[in-house]
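Close look at the chain arrangement
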Amino acid sequence: MTSPLELQHIAVEIATEAGELARRRRGEGVSIAASKSTIADIVTEADREVEALIRERLAAARPDDGFLGEESGDAAGTTGITWVVDPIDGTVNYAFGMPSYAVSIAAVVDGTDPGTWRALAGVVHAPALGETFRAAAGEGAWLGEQRIRVNTDAPAGALIATGLGYDSRTHAGDLATLTRAMPLARDIRRIGAASLDLAFVAAGRLDGYFERGLQPWDIAAGRLLVDEAGGRSGWFEPDAFGRSLAVVAGPELYERLRSAILD
Ligand code: LIP
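Position numbers for residues start from 1 in each chain and track the written sequence from start to end. The predicted nature of this model means local features are confined to residues of pLDDT at least 70 and side-chain atom pairs, given and counted, to a pLDDT of 80 or more, with totals for whole chains, interfaces and linings taken over all residues. Values reported for side chains reflect all heavy atoms of the structure, with hydrogen atoms and water molecules removed beforehand.

1. Structural notes on the site of the ligand
Surrounding the ligand, one finds 14 residues, the nearest of these being D89, G90, T91, A194 and E211. A distance of 2.5 Å separates an oxygen atom of the ligand from a polar atom in the side chain of D89. Areas reported here follow the Shrake-Rupley algorithm with a probe of radius 1.4 Å; residue values treat only the protein chains shown as occluding. Burial of the ligand by the protein chains amounts to 94% of its free accessible area of 380 Å². Cavity and pocket criteria rest on a 1 Å grid covering protein atoms alone: a 1.4 Å probe that fits but cannot get out defines a cavity, protein on both sides within 12 Å along at least 5 of 7 lines defines an open pocket, and an atom within 4 Å of a point defines a lining residue. Cavities and pockets are treated as containing a molecule whenever more than half of the molecule's atoms lie within 2 Å of their grid points. Its atoms largely coinciding with the cavity grid, the ligand occupies the largest pocket. Note on conventions: DSSP H or I runs of at least 4 residues are helices, E runs of at least 2 residues are strands, and numbering of each starts at the N terminus. In terms of residue count, the dominant contributor to the shell around the ligand is strand β5 (residues 82–89) (three residues). Grouping the amino acids of the shell around the ligand by side-chain chemistry returns five nonpolar, three polar and six charged. Here, proximity means that at least one heavy atom of the residue falls within 4 Å of the molecule or strand. Within 3.5 Å is the distance limit for a polar contact, defined as a pair of N or O atoms, with the added protein rule that one can donate a hydrogen and the other accept it, and that residues adjacent in sequence qualify only through two side-chain atoms. Ten residue types, Ala, Val, Leu, Ile, Met, Phe, Trp, Tyr, Cys and Pro, are classed as nonpolar, four, Asp, Glu, Lys and Arg, as charged, and the remainder, Gly among them, as polar.

Following this line, the structure appears as structure tokens:
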């Protein structure tokens, strides 16, 4: 069985090459290829091209593993390991020229449901920020060569990030959830890339983060970063729109945030 560190090494190499391609394409100008779930939910030509590159590199390095990608769907493998990939998380930021976008690659076992899978390795690489966050199960979370840890206290209230989905029918409910979390907050951030929200919690740049409606590829690598950085993470029952809730934070804030939102 390949070790989590070996899988992490593969993920970092491929994410770095993929990030270079995304950044180059951004410099050349972005074209929107299509809308997905709603007109605001876009995919660029670069998303597709970057995912194709990642898929090709993974197929060469790990031909028997499974694959689940945001843009090109899934393929079963025979090893029990599945690579869960978001080629450009934060596509709207990318399209608008904001630097907060990332390539997210994770290796998971025990299926592709975030409620039950086990992540072995993950990388969140933000080419325009020049930052690579990585984690392997049992090996801690790292930003470059520096070990990262979640914040364990928030004396002036917590800096909490969240996201609002692309479907306007869900906005009122999401704003009501935010209202429930506000008493815990010193301020709120909406970064626009779930993988970076998670990486920033792992690195102590945010105290906590929650969002409904994330997909497996949004959360796979980042959630392992949080867990390996000493935080806690939960994936809770879908709402009336079928959107599961992700909550992550340091251990003490996690319980208060979960309870404020759900109890
Ligand atoms: C997006 C996220 C964003 C979230 C959206 C979406 P995409 O991913 O990272 O923060 O609010 O629901 O999932 O579409 O840019 O890869």
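2. Details of the sheet that holds strand β11 (residues 158–162)
Strands sit in the order β12-β11-β13-β15-β14 across an open sheet of five strands; the sheet is mixed. Each edge of the sheet is formed by a strand with only one pairing partner; in this case those strands are β12 (185–189) and β14 (232–236). Strand-to-strand twist in this sheet, taken as the mean axis angle between neighbours without regard to direction, amounts to 15 degrees. Relative to β12, β11 runs parallel, the two sharing four bridges. When the bridges of β12 are listed, L159 appears paired with D187. By the convention used here, residues are in contact when the closest approach between their heavy atoms is within 4.5 Å. In this analysis, axes come from line fits to C-alpha atoms, helices being fitted only over the stretch in contact, and the angle between any two N-to-C directions falls in the range 0 to 180 degrees. Of the strands in this sheet, β11, β13 (208–212) and β15 (245–249) touch helix α5 (residues 194–202), which is tilted by about 155 degrees from β13. Relative to the sheet, helix α7 (residues 251–262) contacts β11, β13, β14 and β15, its axis offset from that of β15 by approximately 150 degrees. Between any two strands, at least two bridges found by DSSP are needed for them to pair.

3. Looking at the packing of aromatic side chains
Side-chain rings of Phe, Tyr and Trp (the six-membered ring for Trp) are treated as a pair once their centres are within 6.5 Å; stacked means planes under 30 degrees apart, edge-to-face means over 60, and tilted covers the remaining angles. Within the structure shown, the criterion is met by two aromatic pairs. Ring centres of Y94 and Y101 lie 4.8 Å apart, and the angle between their planes is 80 degrees; on these two criteria the pair is classed as edge-to-face.

4. A few points about the pattern of salt bridges
Side chains that carry opposite charge are capable of pairing whenever their charged atoms lie near each other. We define a salt bridge as a side-chain nitrogen of Lys or Arg found within 4 Å of a carboxyl oxygen belonging to Asp or Glu. Under the counting rule described, the total for this entry stands at 19 salt bridges. With a closest N to O distance of 3.5 Å, E145 and R134 form a salt bridge. In this pair, E145 sits in the loop between β9 (141–143) and β10 (146–148) while R134 sits in strand β8 (residues 131–136), placing the two residues eleven residues apart along the sequence. Only protein chains enter the accessibility calculation, which uses a 1.4 Å probe; a residue is then buried when its area is under 20% of its type maximum, exposed when over 50%, and partly exposed in between. We classify E145 as exposed; its relative accessible area is 70%. With a relative accessible area of 15%, R134 lands in the buried category. Here D239 makes a salt bridge to R243, at a shortest N to O gap of 3.0 Å. Of the residues examined, D239 reaches a relative accessible area of 23% and is grouped as partly exposed. Owing to a relative accessible area of 11%, R243 belongs among the buried residues under this scheme. In the salt-bridge network here, residues are joined through shared partners; they are D174, R212, D239 and R243.

5. Overview of unusual backbone geometry
Residue D110 is not a glycine yet carries a positive backbone phi of 70 degrees. Its place among the elements puts D110 in the loop between β6 (102–109) and β7 (118–126).

6. Section: the domain arrangement of the protein
When its domains are assigned, the protein resolves into domain 1 (4–148) and domain 2 (158–262). For the domain bounds, the source is a domain assignment made automatically or taken from a database. Using only C-alpha atoms to locate each centre, domain 1 and domain 2 end up separated by 20 Å. Facing the 45 residues of domain 1 at the interface are 26 residues of domain 2. Carbon and sulfur atoms make up 68% of the surface buried where domain 1 meets domain 2, a total of about 2500 Å² over both sides. Inspection of the region where domain 1 meets domain 2 yields one salt bridge. A salt bridge links E131 to R205, with the shortest nitrogen-to-oxygen separation between them at 2.6 Å. Counting across the interface, domain 1 meets domain 2 through eight residue pairs in polar contact (both at pLDDT 80 or more). Breaking the side of domain 1 that touches domain 2 down by element, the ones donating at least two residues are β3 (66–69), β5, α3 (91–96), β6, β7, β8, β9 and β10. Buried area is a sum: the accessible area each of two parts loses on coming together, probed at 1.4 Å, counted once for each and added.

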